[in-house]
Amino acid sequence: MKRMISLFIVVVMLLGACATSASAIFSDLRFNVDKDIRRTEIFNMRIIELENQVNKLLELPETQKIDIHISQISTIHDFSGNQYTLVECVPSGYMIYHDESGVFVESSAIAMSPYGDVQGEKIYGGPNEYYIKSREAGKIIYEYTKTDDVVSVAEADAYSKASDRLNSMLMENKNIEILNYINNNQPLNIAAPMSTEVGGIVCVKNYRFLVNLLRPGYTTVNGSGICGYIAATMLLAYEQYSSSAGTFDTDDYWWDSSVGGYVIDSNFTMELYNLGVSLGYGTSTTSVAIHYTVKKYLENRNIAASHTSLYSPIATNMTIASKIKDDRPVIWFGVVSKNSADDRTNLSHAVLAYGYEYSFLGGYAFVAHFGWDDSSVVTYSGLLGSLYTFTLD
């Protein structure tokens, strides 16, 4: 009888333990589901911010206002394995979100996802650094999604170090409000955006030209990108649009009603590139290469200018914000490897920053033209490698 009672007690205890375990598992599952729901809510709120941003910058009528929706959410990693979330939208738009810090590293309502329809493991290297991990001749390679540029495993070590530096920077600038809401279900304390000229965004005077620059002279050289020269092309075109100083031939850019925006002849970009080659530079550029290429270009046109070319840590995001306030768009070079002032080879993708913003979800970030077609309004934050701009004397 005692054995039967003991057996009964053991069975009851096992059932109780199973029930407790099942309850704990269900609780954890429900908690994770709730976190995913709250995170998606944050993504949808960010979409509203991006829509408002573009609609104000483009001054679109009610019938043409940007209206995007999430189509796919996926997990991606950087070269060191740090996790990001890629949010792709329709009919356009995307966001890249750093999960641990709660920071949107880059986002746009009008640019298409930089990963498009390409298949394979997506690798993120920071703003304007999008790769697919694959194999070629039995070796692992990283293919850039926008051009034919390839990063080998040996070269990937520099990208891995840059990934860790970006991850550290993001962790030092956590969005605590977002993290507390997603992880702990704490109420959001939504702050109003700072008062500026363009609804939360401080922009250069003639920002509309860059916003409407839908074909920025994009081209490649033997499949390799020349983003520094594309950014310089846009900077020179902006100066011509603003001051008619002769920095750009007026027939090298025009309004094209078929695309609904400005177009730059890519032959001009190639002219700058060829000038850079004659000075000893190649497709991969830093601010130094663009500094001396533009300097020579303006000298050839008898145009006097003062040039600013700075490397981090002397170059800071505050420097860029100050230049933007002074009506100077700035070429922002992201960092892949440690640059030095005489470096002519390191790869640093370049964008043209023309505004900066503060928003509750996006925090402080820059607004830039990324140099691709239809990528004129992209908000981003990242590791600054170097910067360049000029001012006419």
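Residues numbered from 1 in each chain as written. Predicted model: local features only at pLDDT ≥ 70, side-chain atom pairs only at ≥ 80, totals over all residues. Heavy atoms only, no water.

Before going further, it helps to examine the nonpolar core. Formed by 107 residues in total, the largest nonpolar core has its most connected members in Leu236, Ile320, Ile331 and Phe370. It is helix 5 (residues 227-243) that contributes the most residues to this core, 10 residues altogether. Excluding its chain neighbours within four sequence positions, the residues that come into contact with Ile331 are Gly228, Ala231, Ala232, Leu235, Ile290, Ala350, Val351, Leu352, Ser386, Leu387 and Tyr388. (Core = buried A, V, L, I, M, F, W, Y, C linked by side-chain atoms within 4.5 Å. Buried < 20%, exposed > 50% of the residue type's maximum accessible area, 1.4 Å probe, protein only. Helix = DSSP H or I, 4+ residues; strand = E, 2+ residues; numbered from the N terminus. Contact = heavy atoms within 4.5 Å.)

With that settled, the discussion passes to the pairing of strand 14 (residues 261-264). Strand direction decides the pairing type here: strand 10 (residues 213-215) and strand 14, joined by two bridges, are parallel. Bridge pairing links Leu213 to Tyr262 in strand 14. Bridge count between strand 13 (residues 253-256) and strand 14: four bridges; the pairing is antiparallel. From the neighbouring strand, Tyr253 faces strand 14, where its bridge partner is Ile264. Two successive antiparallel strands, strand 13 and strand 14, enclose a turn made up of four residues, where Gly260 displays a positive phi of approximately 75 degrees. (Pairing = 2+ DSSP bridges.)

Below, the discussion takes up the confidence of the model for the protein chain. Of the residues in the protein chain, 84% have a pLDDT of 70 or more, and the chain-wide mean is 84. Counting interchain partners and residues more than four positions distant, the pLDDT-below-50 stretch residues 22-31 has two contacts. This model gives residues 336-347 a pLDDT under 50, and the stretch forms 31 contacts once residues within four places in sequence are excluded. (pLDDT = per-residue confidence, 0-100.)

Within this structure, the stated rule accounts for 26 aromatic pairs. Ring geometry for Tyr84 and Tyr124: centres 5.1 Å apart, planes at 75 degrees, overall edge-to-face. You can see Tyr84 sitting in strand 2 (residues 83-90) and its partner Tyr124 sitting in strand 5 (residues 121-124), a full 40 residues away along the chain. Tyr124 gets classed as buried once you look at its relative accessible area, which sits at 0%. With centroids separated by 5.2 Å and ring planes inclined at 50 degrees, the aromatic side chains of Tyr131 and Tyr144 adopt a geometry described as tilted. Within this pair, whereas Tyr131 is found in strand 6 (residues 130-136), its partner Tyr144 is found in strand 7 (residues 139-144), the two being separated by 13 residues in sequence. Tyr144 carries the same exposure label as Tyr131, and that label is buried. These aromatic residues form a ring-pair network of at least three members: Phe209, Tyr241, Phe248, Tyr253, Trp255, Tyr262, Phe268 and Tyr297. When the ring centre of Phe104 is taken as reference, the NZ or CZ atom of Arg46 above it lies at 5.8 Å. Above the plane of the ring of Phe390 lies Arg328, whose end atom (NZ or CZ) is 5.4 Å from the centre. (Phe/Tyr/Trp six-rings, centres within 6.5 Å; stacked < 30°, edge-to-face > 60°. Lys NZ or Arg CZ within 6 Å of the ring centre and 35° of its normal.)

With that settled, consider the sheet that holds strand 13. Strand order in this open sheet of three strands is 10-14-13, and the pairing throughout is mixed. Whereas interior strands pair on both sides, the edge strands pair on one side only; in this sheet they are strand 10 and strand 13. Neighbouring strand axes in the sheet, compared pairwise and without regard to direction, differ in orientation by 45 degrees on average. Sitting on the sheet, helix 5 is in contact with strand 10, strand 13 and strand 14, with an inclination near 120 degrees to strand 14. (Axes fitted to C-alpha atoms, helices over the stretch in contact; angles between N-to-C directions.)

The terminal C-alpha atoms of helix 2 (residues 156-172) lie 24 Å apart, and with 17 residues this matches the ideal 24 Å at 1.5 Å per residue to within 8%. Buried residues of helix 2: Ala156, Tyr159, Ser160, Ala162, Ser163, Leu166, Asn167 and Leu170, and no others. With its buried residues spanning 165 degrees around the axis, helix 2 presents them on a single face. (Expected span 1.5 Å × (residues − 1). Arc of directions from axis to C-beta.)

In this section: the environment of Gly371. Summarising the element assignment, Gly371 is placed in the loop between strand 18 (363-369) and strand 19 (378-380). It is 9.8 Å that separates the C-alpha atoms of Gly371 and Ile226, two residues lying 145 residues apart in sequence. Beyond its immediate sequence surroundings of up to four residues, Gly371 is in contact with Pro216, Tyr218, Ile230 and Met234.

Another point: unusual backbone geometry. Glycine aside, the phi torsion of most residues is negative, and most peptide linkages are trans. The step from Val90 to Pro91 runs through a cis peptide bond, and the omega angle for that step is 0 degrees. Note on placement: Pro91 falls in the loop between strand 2 and strand 3 (94-98). For Ser244, which is not a glycine, the phi torsion comes out positive at approximately 55 degrees. As for its placement among the helices and strands, Ser244 is situated in the loop between helix 5 and strand 13. With a phi close to 70 degrees, Asp327 is a non-glycine residue in the positive phi region. Here Asp327 shows up in the loop between helix 8 (317-325) and strand 16 (330-334).

Moving on to the packing of helix 6 (residues 266-278) against helix 7 (residues 287-300). Relative to each other, helix 6 and helix 7 sit at 105 degrees, their axes nearing to 9 Å. Overall, the two elements helix 6 and helix 7 adopt an arrangement that is roughly perpendicular. Counting all contacts with helix 6, which are made through Phe268, Glu271, Leu272, Leu275 and Gly276, the residues of helix 7 involved are Thr293, Lys296, Tyr297 and Asn300. Counted by class, the contact of helix 6 with helix 7 contains four nonpolar, three polar and two charged residues. (Parallel < 35°, antiparallel > 145°, perpendicular 65-115°, else oblique. Nonpolar A, V, L, I, M, F, W, Y, C, P; charged D, E, K, R; others polar.)

Under the criterion given, the structure shown has 11 salt bridges. In this structure, Arg46 and Glu357 form a salt bridge, with 3.5 Å as the shortest nitrogen-oxygen distance. You can see Arg46 sitting in helix 1 (residues 2-58) and its partner Glu357 sitting in strand 17 (residues 350-359), a full 311 residues away along the chain. Put simply, Glu62 and Lys65 hold a salt bridge, and the shortest N to O gap is 3.8 Å. (Salt bridge = Lys/Arg side-chain N within 4 Å of Asp/Glu carboxyl O.)

The next point concerns the pairing of strand 1 (residues 69-78). The sheet contact formed by strand 1 and strand 2 spans eight bridges and is antiparallel. Its bridge partner lying in strand 2, Ile70 is registered against Cys89. The antiparallel pairing of strand 1 with strand 2 creates a hairpin that spans four residues between the two strands, and Gly81 there sits at a positive phi of about 90 degrees.

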